[in-house]
Amino acid sequence: MTIPNQIFVDGAFRNACEGKRTSLTNPATEAVFVEVASAGPADINSAVESAQAAWENGWRDLPPGKRGEILFNVARVLRENLEALAQLEMQQIGKPIADARDEIGLGARVFEFYAGAVTKFYGQTIPVSRGGFDFTLRQPMGVVACIVPWNFPFPIACWKTAPALAAGNAVVLKPASLSPLTALALGELAHRAGLPAGVLQVLPGAGSAMGETLVTHRLVRKVSFTGSTSVGQRIMELASRDIKRVSLELGGKSPNIVFADADWARAAESSPMSVFANTGQDCCARSRMFVERSVYEPFLEKFVAATRKLVVGDPASDQTQIGPLVSAGQRATVEEFLADAKKKGTRFACGGGRPAGKGYYLEPTVLADVPTGDRCWREEIFGPVVCLVPFDDEAAMLREVNASPYGLSGSIWTNDLRRALRVARAVESGVLSINSHSSVHVEAPFGGFKQSGVGRDLGMAAMEGYTELKNVYIAES
Ligand code: NAD
């Protein structure tokens, strides 16, 4: 696959009107490897207008079974191109190749799920008290803008695009400026698989420059955004002017709660990847660990030993578990947090420095006994840093868990069923796992409480979010 470096509009690649380009740097080598077109206002206007035309003139009224068939074909073509897509993902953000392959497979699976869901998206019949016949329709909205981040570029692009298309909308997809390549390839491959021209447009470029033009475009009916809480707030504000629909998947500071009755040794072995995977650049990273005091020190010892075994290095190697951070800027941001921790005399149980050599690497870093007022404890770091504290009392621990403004994900480790249910109910977050670190299931809703967002991706909930609900009443007499 040649590296896509233009915008993808109306079923073809073309240059951006203003001719602006952004260079991409491979984070593992620090070398620029491609320049990609940046869409400007004229590109946004023409892409949204022709998406609207493609929607009105065909996609909206295509029988659902036919839409499903095309989406199945998209999944097949994505699988056929899995390796090439994984290589692109690795190059643009330094993602370890084994993870990149898994994530391209996940994207294809998402298309399969919604291809099947198209014909199982039922409405209701409602026994209204007036008699007659009452039923609901789920109708597509029109043009949906999907704005996605750089940490999981391909799967998130798929889990926004696929349900929006399945529900009968047209999509304008805006990837992050650091990671446009797999989104552009998705546009082209989907078209090759039979998606009509204009139904999926892909516009790379800087969010600060083009995001607002897209969000405020009069023909955009819904904005589905994944990214930082601050940009999410701005999007919600802009969308409020026309009462556009929004769904927002935002930041997180997720807890990992380990009770002494759990198989805590297993928790200690598996927990490093719950926070250091994707070099900690994960909205679901379990970055606040609460460990019951009676097992805190032995847990910490095992956890640190497992962390030291992680393979940090060249993303091209099948063995690598942890690659570089996405950019020099992202590493500098994480290092500011570490400097703050050092200044405050925080206990570094391991890590804290840069490995030798090229690339935006940082060692996986474990901070122990972190005061809960500190920045590292409270703010999303979005890098390979975890904070641990011991706890004595379940209720006090839960108060601290819920003191965060975020509420995205989390894990609970216990073998006591009643405790597991009680704590799962009490934690304020959209996604939880018990004796596991799994957060994302294609078939189940994914999203946050509080400042982690509104609306849900994945599962049937996502498809509902890309429709308007209409109620129709038929008089009997
Ligand atoms: P970001 O908010 O900087 O950017 C996300 C996207 O928004 C990019 O495409 C960017 O170009 C665009 N954008 C930026 N400014 C914009 C504006 N003013 N108007 C419209 N669009 C704009 O986030 P990021 O740095 O790419 O990603 C990291 C953040 O994403 C973290 O906070 C992380 O927690 C969050 N995230 C959340 C989830 C989730 O599902 N909850 C998943 C992944 C990442």
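Residues numbered from 1 in each chain as written. Predicted model: local features only at pLDDT ≥ 70, side-chain atom pairs only at ≥ 80, totals over all residues. Heavy atoms only, no water.

Colleague: Help me understand the overall build of the protein chain in this model?
Modeller: Counting secondary structure elements, the protein chain contains 15 helices and 19 strands. Against the compact-globule benchmark of 23 Å for 477 residues, the protein chain has a radius of gyration of 23 Å, which places it among compact chains. Viewed in the frame of its principal axes, the protein chain has a C-alpha envelope of about 70 × 60 × 40 Å. Each of the 477 residues in the protein chain was classed as buried or not, and the buried ones make up 56%. Of the roughly 18,700 Å² that the protein chain leaves accessible, carbon and sulfur atoms contribute 52%. Charge-centre separation for the protein chain: the mean point of 49 positive side chains lies 3 Å from the mean point of 50 negative side chains. (Helix = DSSP H or I, 4+ residues; strand = E, 2+ residues; numbered from the N terminus. Rg over C-alpha atoms; globule rule 2.2 N^0.38 Å. Buried < 20%, exposed > 50% of the residue type's maximum accessible area, 1.4 Å probe, protein only. Areas by Shrake-Rupley, 256 points an atom, 1.4 Å probe, with all protein chains shown as cover. Lys, Arg positive; Asp, Glu negative; His and termini not counted. Charge placed at Lys NZ, Arg CZ, Asp CG, Glu CD.)

Colleague: What's the story with the site of the ligand in this structure? I'm lost.
Modeller: Contacts to the ligand come from 27 residues, most closely from Val148, Lys174, Ser228, Leu250 and Glu380. In this structure, an oxygen atom belonging to the ligand sits 2.8 Å away from a side-chain N or O atom of Lys174. Here an oxygen atom of the ligand and a side-chain polar atom of Glu380 are 2.6 Å apart. Burial of the ligand by the protein chains amounts to 89% of its free accessible area of 850 Å². Breaking the shell around the ligand down by element, the ones donating at least two residues are helix H7 (207-216), strand S9 (220-226) and helix H8 (229-240). It is H7 that contributes the most residues to the shell around the ligand, four residues altogether. (Near = heavy atom within 4 Å. Polar contact = N/O pair within 3.5 Å; in protein donor to acceptor, adjacent residues only side chain to side chain.)

Colleague: Just to check I follow, could you spell out the domain arrangement of the protein chain for this structure?
Modeller: Size of an interface, as often reported, equals the accessible area lost when the parts are brought together. We note that the domain assignment places domain 1 (7-250 + 452-474) and domain 2 (255-441) within the protein chain. For domain 1 versus domain 2, the separation of C-alpha centres amounts to 31 Å. Counting from both sides, the interface comprises 24 residues of domain 1 and, opposite them, 28 residues of domain 2. On the surface where domain 1 and domain 2 come into contact, there are one salt bridge. Asp318 serves as the salt-bridge partner of Arg101, at 3.0 Å between the closest nitrogen and oxygen. (Domains from an automatic or database assignment. Contact = heavy atoms within 4.5 Å. Salt bridge = Lys/Arg side-chain N within 4 Å of Asp/Glu carboxyl O.)

Colleague: Where do I start with the side chain of Asn81 in this structure?
Modeller: With respect to the element layout, Asn81 can be found in the loop between helix H2 (64-80) and helix H3 (82-93). Residue Asn81 is classed as buried on the basis of its relative accessible area, which comes to 16%. With residues up to four places along the chain from it excluded, the contact list for Asn81 reads Met1, Leu189 and Arg192.

Colleague: Help me understand the environment of Leu408 in this model?
Modeller: Along the chain, the position of Leu408 falls in the loop between helix H13 (394-401) and strand S16 (411-413). A C-alpha to C-alpha distance of 29 Å links Leu408 and Gly353, two positions 55 residues apart in sequence.

Colleague: What is the right way to look at the sheet that holds strand S13 (residues 347-350) in this model?
Modeller: Hydrogen bonding along the main chain pairs the strands of a sheet, whether they run parallel or antiparallel. Spatial strand order, S13-S14-S15-S12-S11-S16-S17: seven strands in an open sheet with mixed pairing. Unpaired on one side and paired on the other, S13 and strand S17 (433-434) mark the two borders of the sheet. Where S13 and strand S14 (residues 365-368) come together, three bridges link them in antiparallel fashion. Bridging from a neighbouring strand, Cys350 pairs with Val366 of S14. Set on the sheet, helix H14 (residues 417-426) makes contact with strand S11 (255-258), S16 and S17; between it and S16 the angle comes to about 160°. (Pairing = 2+ DSSP bridges. Axes fitted to C-alpha atoms, helices over the stretch in contact; angles between N-to-C directions.)

Colleague: Can you help me understand the state of the cysteines in this one?
Modeller: Note on terminology: a disulfide is the covalent bond linking the sulfur atoms of two cysteines. Within this structure, the stated rule accounts for zero disulfides. No disulfide involves Cys387; its sulfur sits 5.3 Å from the nearest other cysteine sulfur, which is in Cys376. Using a relative accessible area of 0% as the deciding quantity, one classes Cys387 as buried. (Disulfide = S-S within 2.5 Å.)

Colleague: How do you make sense of the pattern of salt bridges when you look at a structure like this?
Modeller: Pairing is possible between side chains of opposite charge, provided their charged atoms come close. Scanning all chains against the criterion turns up 29 salt bridges. Across the pair Asp61 and Arg60 runs a salt bridge whose closest N-O atoms are separated by 3.6 Å. Here Arg60 falls in the partly exposed class, since its relative accessible area comes to 34%. Arg109 is paired through a salt bridge with Glu443; the nearest N and O atoms lie 3.0 Å apart.

Colleague: Help me understand the packing of aromatic side chains in this model?
Modeller: Ring pairs (aromatic) are described by centroid distance and by the angle formed between their planes. For the structure on display, the rule yields eight aromatic pairs. With a centroid separation of 5.5 Å and an interplanar angle of 75°, the aromatic rings of Trp150 and Phe382 are classed as edge-to-face. With Trp150 in the loop between strand S6 (143-147) and helix H5 (153-166) and Phe382 in the loop between helix H12 (375-378) and strand S15 (385-391), this residue pair connects regions lying 232 residues apart in the sequence. Take Trp150: its relative accessible area is 16%, and that puts it in the buried class. Seen from the ring of Trp55, Arg60 lies directly overhead, with NZ or CZ sitting 4.9 Å from the centre. Note that Lys222 overlies the ring of Tyr466, its terminal NZ or CZ placed 4.6 Å from the centroid. (Phe/Tyr/Trp six-rings, centres within 6.5 Å; stacked < 30°, edge-to-face > 60°. Lys NZ or Arg CZ within 6 Å of the ring centre and 35° of its normal.)

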